[in-house]
Amino acid sequence: MTHPLVRAVRDGLAELADPAKAPDMRRYMKSELPFRGVPKPAREILGRRLFAEHPLPDVPVWESVVRQLWDEAAHREERYLAIDLTGHRAYARWQTPERLPLYEHLIVTGAWWDYVDEIAIRRVGPILRADPATVSPLMRAWAHDGDRWKRRTAVICQVGSKEATDPDLLAHCAEANVGDPDFFLRKGIGWALRQYARTDPDWVRAFVADHPGLSPLSRKEALKHLSTTA
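Per an unreviewed UniProt entry, the chain is named DNA alkylation repair protein, and its organism is Prauserella endophytica.

Okay, structure coming up:
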């Protein structure tokens, strides 16, 4: 059965749809799923209203609704709202390592940067910081996974962690993917290093100097805001 929140999301997106915008949004995101043409600000307002109107009582129901929105999505915005639901403040207490199989499912089946980056940085990252003993070994494993989006997640999940960054984990995940020719991995390595350079620029300079195998893209991104290049 379709959960009432799922029906409300679909109906709400249909009411906000802009068919004139939808093709360009789909083209930009290179999306197999069509768009409704609902811009992010309107989608977020809709989500806040519907999530307040349809509170979910427990983790199994919450996860079921997330999966239904995601797996049965007919438009890309339904998946965006599934991700928004995972981060809704009412369910913050459920953000524990036990949610990682759900996020792994979204990462692997989503398989594109707009989904993966939000989940990696705003879902996996906070869980990692809250329970590094449990999550760090998993990220080390993901860094070597056959799925490139799990590898990108391992690389970028500490973006924004600042002083809470684990540099050993960052180094491991970056080193595991230094030789990969994939654009999203090379860009992700550079991004993760660039962000950590705001906290410890000397560490990033040394890492870049010690890894001549870094791609030009990763190196450029890592050193983007540093006055001294390696």
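Chemist: Would you mind going over the layout of surface pockets in detail, with residue names and values included?
Modeler: The space that makes up the largest pocket amounts to roughly 600 Å³. Taken together, 24 residues line the largest pocket, and the ones lying closest to its centre are Lys40, Arg43, Glu44, Asp84 and Glu118. Every element with two or more residues in the lining of the largest pocket is listed here: α2 (22–29), α3 (40–53), α5 (76–86) and α7 (113–130). Broken down by element, the residue count for the lining of the largest pocket peaks at six residues, all from α3. Here the residues of the lining of the largest pocket are counted per class, giving eleven nonpolar, three polar and ten charged. Space inside the second largest pocket adds up to approximately 210 Å³. As for the second largest pocket, its lining consists of Lys30, Ser31, Glu32, Leu33, Arg76, Arg79, Thr109, Gly110, Ala111, Trp112 and Tyr115. Elements represented by at least two residues in the lining of the second largest pocket include exactly α5 and α6 (100–110).

Chemist: Requested: an account of helix α12 (residues 201–210), with residues and values cited.
Modeler: Buried within α12 are the following residues: Val204, Phe207 and Val208. The arc that holds the buried residues of α12, viewed along the axis, is 95°, so those residues lie on one side. Seen from the open side of α12, the exposed residues pointing more than 90 degrees away from its buried face are Asp202 and Asp210. Where α12 is buried, its residues meet α10 (167–175), α11 (183–197) and α13 (216–222).

Chemist: Can you explain the side chain of Ser31? Please cite residues and give values.
Modeler: Residue position: Ser31 is located in the loop between α2 and α3. For Ser31, a relative accessible area of 8% gives the class buried. A polar atom in the side chain of Ser31 sits 2.7 Å from the side chain of Arg76. Once you skip the residues sitting within four places of it in the chain, Ser31 turns out to touch Arg26 and Arg76.

Chemist: Outline the nonpolar core, listing residues and values.
Modeler: Among soluble globular proteins, nonpolar side chains are generally buried collectively. Core analysis: the biggest nonpolar cluster contains 71 residues, and Leu5, Trp62, Leu85, Tyr103, Met139 and Val204 have the highest contact counts within it. For this core, the element with the most residues is α7, which contributes eight residues. Non-local contacts of Val204, meaning those with residues more than four positions away in its chain, are made with Leu193, Tyr196, Ala197, Ala222 and Leu226.

Conventions and cut-offs
- Residues numbered from 1 in each chain as written.
- Predicted model: local features only at pLDDT ≥ 70, side-chain atom pairs only at ≥ 80, totals over all residues.
- Heavy atoms only, no water.
- 1 Å grid on protein atoms, 1.4 Å probe; cavity = no way out; pocket = protein on both sides within 12 Å on 5 of 7 lines; lining within 4 Å.
- Points joined across faces, edges and corners; volume = space filled by probe spheres on them.
- Helix = DSSP H or I, 4+ residues; strand = E, 2+ residues; numbered from the N terminus.
- Nonpolar A, V, L, I, M, F, W, Y, C, P; charged D, E, K, R; others polar.
- Buried < 20%, exposed > 50% of the residue type's maximum accessible area, 1.4 Å probe, protein only.
- Arc of directions from axis to C-beta.
- Contact = heavy atoms within 4.5 Å.
- Polar contact = N/O pair within 3.5 Å; in protein donor to acceptor, adjacent residues only side chain to side chain.
- Core = buried A, V, L, I, M, F, W, Y, C linked by side-chain atoms within 4.5 Å.

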